[in-house]
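If you want the building blocks of each chain, they are given just below.
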Amino acid sequence: MASLSGLCSSSPSLKPKQSLWKTTLNPPLLKTSLTYRTRTLLTPTRSIASDIPADLSKTNDKLPNKPKQLGLEKDPNSLWRRYVDWLYQHKELGLYLDVSRIGFTDEFVSEMEPRFHKAFKDMEELEKGAIANPDEGRMVGHYWLRNSTLAPNSFLKTQIDKALDAVCDFADQVVSGKIKTPDGGRFTQILSVGIGGSALGPQFVAEALAPDNPPLKIRFIDNTDPAGIDHQIAQLGPELASTLVIVISKSGGTPETRNGLLEVQQAFREAGLDFAKQGVAITQENSLLDNTARIEGWLARFPMFDWVGGRTSEMSAVGLLPAALQGIDIREMLAGAALMDEANRTTVLRNNPAALLALCWYWASEGVGSKDMVVLPYKDSLLLFSRYLQQLVMESLGKEFDLDGNRVNQGLTVYGNKGSTDQHAYIQQLREGVHNFFVTFIEVLRDRPPGHDWELEPGVTCGDYLFGMLQGTRSALYAKDRESITVTVQEVNPRSVGALIGLYERAVGIYASLVNINAYHQPGVEAGKKAAGEVLALQKRVLAVLNEASCKQPVEPLTIEEVADRCHATEDIEMIYKIIAHMAANDRALIAEGSCGSPRSLKVFLGECNVDELFA
Ligand SMILES: O=P(O)(O)OC[C@H]1O[C@](O)(CO)[C@@H](O)[C@@H]1O
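Anyway, here's the lowdown on the structure attached to this text. Note that the structure is a prediction, hence the values are computed from the model and not measured.

1. Overview of the pairing of strand β6 (residues 279-283)
Counting buried residues along β6, 5 of its 5 residues qualify, which places the element largely inside the surrounding structure. The alternating pattern of β6 places Gly-279, Ala-281 and Thr-283 and Val-280 and Ile-282 on opposite faces, both of which are buried. Relative to β6, strand β5 (residues 243-249) runs parallel, the two sharing 5 bridges. Looking at the pairing, Ser-249 lines up with Thr-283 of β6. Since β5 and β6 lie parallel, the crossover through helix α7 (residues 255-270) that links them has a hand, and here it is right-handed. Summarising the sheet, β6 and strand β7 (residues 300-303) pair through 4 bridges and their orientation is parallel. By the bridge assignment for β7, Val-280 is matched with Ala-300. Following the backbone out of β6, through helix α8 (residues 288-296) and into the adjacent parallel β7, one traces a crossover that is right-handed.

Written out as structure tokens, the structure reads:
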């Protein structure tokens, strides 16, 4: 028998940690006027309004299609006219939307009009409190968060107002030092534990808006990667003692977040610190997390509302508390979103920026996601906008079935990073390679705070280069018939960031209505969670089988086939092999013979026999 180092054992450090949350979660997972060069192309392939039955919800198989495109308008005068005709401006927000480089035709816009009427109606109903998420029987109320007077009843309005006041009050007290660390000092760090919608908004906003020296600096644990968690905790070092740990989970039962909490609590124990005095929970009332925080007496708890989805929760305590603690003006964020919402309530398509975006998405991706959306903010602080939008758009629009139960496999793929950085990465392919995308440029007019600028060559600043790169890329792509949208803001500040979030939230809602899908559920995510739970359940059986064989005298190393057989899971042999390979790589199983590269040659056992488990 080949003896290998790195014995697998049920060492105490590998034992599950004690926690209320842990105990309750066992087993662990189970939770148009652009003219074409060829005039004939202006003629839609089908007749217009006559094609659209009155009941639009039944028309998903007859979505309007754009005419086959040979090339976009290149005449500078026509383009300038198109630019001016379609330019949207929100004066108070200083936000512009340029859709001139998307080639929709007037005919297409007319053809889409009935769908937009329906979408506007849907949005109106949603804001009034309709069950907009039919599968889950839920209202969808993120718009009320920035204007609580819109809430369908006074109870909800009071809930929203109270939660906002509580967030502001708590943040003020922490920042001012009234709420102290257990040793009487000031909190200096935030460790945010959450995933998906419970992380992406706060991450985007922190990157976009946190001042250079925030009152509290923020870090994130947004995965169940132990090395990643160790890294975040190690970076905190002795400042763990002055870290406010904010655990965010709407459901209160997301495994990755639960694991992050357990790991952080373990780090607190090892440092001799009392976690409860530094823990804050943001979750739905009576969730597992809420109950854990209440029973363990955490420092504070804030509500997440049933009618706010994770990916639209940035304007709830989820996004507002971390932001306020970093010294970000959250009332300005809310004001920016509220102003944007107001603009998006008009039923005049060209005056409604979210509807214009939805129109462009529909045209560019033919209403079926045939092209990807590449999001390119030319501003470092907006780096995470594309990642934030990825969840907002893809989790909302990526659906197998429409609202009538037809299989539609809808979606809109989002990716991107930032310009001009990406010009040195993948823009080559965008300009010359496969034509499977359209671009959204985010332009920020203010280069840097006033008084700091200088010319690094005569007449040209560093920011002029950034501007030039954006405009150059937009032109170069368009020259090759690659369409683009440009959203322009004056500067990156709480108001403009709130407005951007509001803009895209509404665009997603409108687009979902155009293509007749439920944007507010995520049934597809559950399959992966369920499968992960099954893998972990299988791992427990593998461990039990290996343990029994390892308790024999002499130890009985088993082949993968023998393990599968004894687990009564021969159909899962590949997964059993992967489980064993993973355990071996982590010194939790010992390879007696063979190597993982030749699965059939393997013989494994556990380094330590656990007699207790044998009789459990
Ligand atoms: O806030 P929770 O309940 O932990 O969920 C986190 C994320 O997980 C998802 O449900 C997907 O699994 C997202 O929709 C959500 O934002």
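2. Here's the deal with the site of the ligand
Among the 16 residues in the neighbourhood of the ligand, the closest are listed as Ser-198, Ser-249, Ser-251, Thr-254 and Glu-395. For the ligand, an oxygen atom lies 2.7 Å from a polar atom in the side chain of Ser-198. Separating an oxygen atom of the ligand from a backbone N or O atom of Lys-250 is a distance of 2.7 Å. Protein chains shield 89% of the accessible area of the ligand, which is 390 Å² for the free molecule. For the shell around the ligand, the class distribution of residues is 2 nonpolar, 9 polar and 5 charged.

3. Re the side chain of Lys-371
Relative to the helices and strands, Lys-371 is located in the loop between α11 (353-364) and β8 (372-377). Buried Lys-371, no salt bridge; nearest opposite-charge side chain is Glu-483, N-O distance 5.3 Å. When neighbours within four sequence positions are excluded, Lys-371 is seen to be in contact with Ala-364, Ser-365, Leu-412, His-435, Asn-436, Phe-437 and Phe-438.

4. What about the side chain of Asn-352?
Position of Asn-352 among the secondary structure elements: in the loop between α10 (330-343) and α11. Engagement of the side chain of Asn-352 in a polar contact is seen with the backbone oxygen of Thr-346, the distance being 2.8 Å. Not counting residues up to four positions away in its chain, the partners in contact with Asn-352 are Phe-120, Ala-343, Asn-344, Arg-345, Thr-346 and Ile-510.

5. Section: the nonpolar core
Note on soluble globular proteins: their nonpolar side chains tend to be buried together. Core analysis: the biggest nonpolar cluster contains 116 residues, and Phe-104, Phe-116, Phe-204, Leu-321, Trp-361, Tyr-504 and Ile-510 have the highest contact counts within it. In terms of residues, this core owes the most to one element, helix α15 (residues 494-514), which gives 12 residues. Sequence-distant contacts of Trp-361, defined by excluding residues within four places in its chain, comprise Glu-366, Met-373, Val-393, Leu-397, Leu-412, Phe-438, Ile-485, Tyr-504, Ala-507, Val-508 and Tyr-511. Within the second largest apolar cluster, 22 residues are counted, among which are Ala-549, Ala-564, Cys-567 and Val-604.

6. Here we look at a nonpolar patch on the surface
Side chains of Trp-454, Leu-456 and Tyr-465 sit close together on the surface and give an oily, nonpolar patch of about 320 Å² of accessible area. Judged by its relative accessible area of 35%, Leu-456 is partly exposed.

7. Digging into unusual backbone geometry
Cis geometry marks the peptide bond from Gly-419 to Ser-420; its omega dihedral reads 0 degrees. For Ser-420, the position within the fold is in the loop between β9 (414-415) and α13 (427-432). Here the residue pair Gln-553 and Pro-554 is connected by a cis peptide bond, since its omega of -5 degrees sits within 30 degrees of zero. By the element assignment, Pro-554 lies in the loop between α16 (523-550) and α17 (560-566). Positive phi values are uncommon outside glycine, yet Asp-587 reaches one of about 60 degrees. Tracing the sequence through the fold places Asp-587 in the loop between α18 (573-585) and β14 (590-593).

8. Quick word on the packing of aromatic side chains
Scanning all chains against the criterion turns up 19 aromatic pairs. Relative to Tyr-388, the ring of Phe-204 lies with its centre 5.4 Å away and its plane at 25 degrees, an arrangement referred to as stacked. Linking Phe-204 in helix α5 (residues 200-209) with Tyr-388 in helix α12 (residues 385-397), this pair joins segments that are 184 residues apart in sequence. A single burial state applies to Phe-204 and to Tyr-388, both of which are buried. Arranged with centres 4.6 Å apart and planes meeting at 5 degrees, the rings of Phe-305 and Trp-307 form a pair that is stacked. Judged by relative accessible area, Trp-307 falls into the buried class, the value being 5%. Grouping aromatic residues by their ring pairs yields a cluster made of Phe-108, Phe-204, Trp-361, Tyr-362, Trp-363, Phe-385, Tyr-388, Tyr-504 and Tyr-511. One cation-aromatic arrangement involves Arg-82 over Phe-104; the distance from NZ or CZ to the ring centre is 4.5 Å. Of note, Arg-101 hangs over the ring of Tyr-478, and the distance from its end group to the ring centre comes to 5.3 Å.

9. What to know about α16
Spanning 28 residues, α16 covers 41 Å between terminal C-alpha atoms, matching the ideal 40 Å at 1.5 Å per step. Of the residues making up α16, those classed as buried are Gly-533, Leu-538, Gln-539, Val-542, Val-545, Leu-546, Asn-547, Ala-549 and Ser-550. Looking at the buried positions of α16, the neighbouring elements they touch are α17, α18, β15 (603-605) and α19 (611-614).

10. Observations regarding the packing of α16 against α18
Relative orientation of the contacting elements α16 and α18 amounts to 70 degrees, with a least axis distance of 10 Å. Relative to α18, α16 is oriented roughly perpendicular. Residue-level inspection shows Val-535, Leu-538, Gln-539, Val-542, Leu-543 and Leu-546 of α16 in contact with α18, the latter providing Met-575, Ile-576, Ile-579, Ile-580 and Met-583. Residue composition of the contact of α16 with α18, grouped by class: 10 nonpolar, 1 polar and no charged.

Rules used throughout
Residues numbered from 1 in each chain as written. Predicted model: local features only at pLDDT ≥ 70, side-chain atom pairs only at ≥ 80, totals over all residues. Heavy atoms only, no water. Buried < 20%, exposed > 50% of the residue type's maximum accessible area, 1.4 Å probe, protein only. Helix = DSSP H or I, 4+ residues; strand = E, 2+ residues; numbered from the N terminus. Pairing = 2+ DSSP bridges. Right-handed = clockwise from strand over helix to strand, strands pointing away. Near = heavy atom within 4 Å. Polar contact = N/O pair within 3.5 Å; in protein donor to acceptor, adjacent residues only side chain to side chain. Areas by Shrake-Rupley, 256 points an atom, 1.4 Å probe, with all protein chains shown as cover. Nonpolar A, V, L, I, M, F, W, Y, C, P; charged D, E, K, R; others polar. Lys, Arg positive; Asp, Glu negative; His and termini not counted. Salt bridge = Lys/Arg side-chain N within 4 Å of Asp/Glu carboxyl O. Contact = heavy atoms within 4.5 Å. Core = buried A, V, L, I, M, F, W, Y, C linked by side-chain atoms within 4.5 Å. Patch = residues over 30% accessible without salt bridge, like charges linked within 9 Å, V, L, I, M, F, W, Y side chains within 5 Å. Phe/Tyr/Trp six-rings, centres within 6.5 Å; stacked < 30°, edge-to-face > 60°. Lys NZ or Arg CZ within 6 Å of the ring centre and 35° of its normal. Expected span 1.5 Å × (residues − 1). Axes fitted to C-alpha atoms, helices over the stretch in contact; angles between N-to-C directions. Parallel < 35°, antiparallel > 145°, perpendicular 65-115°, else oblique.

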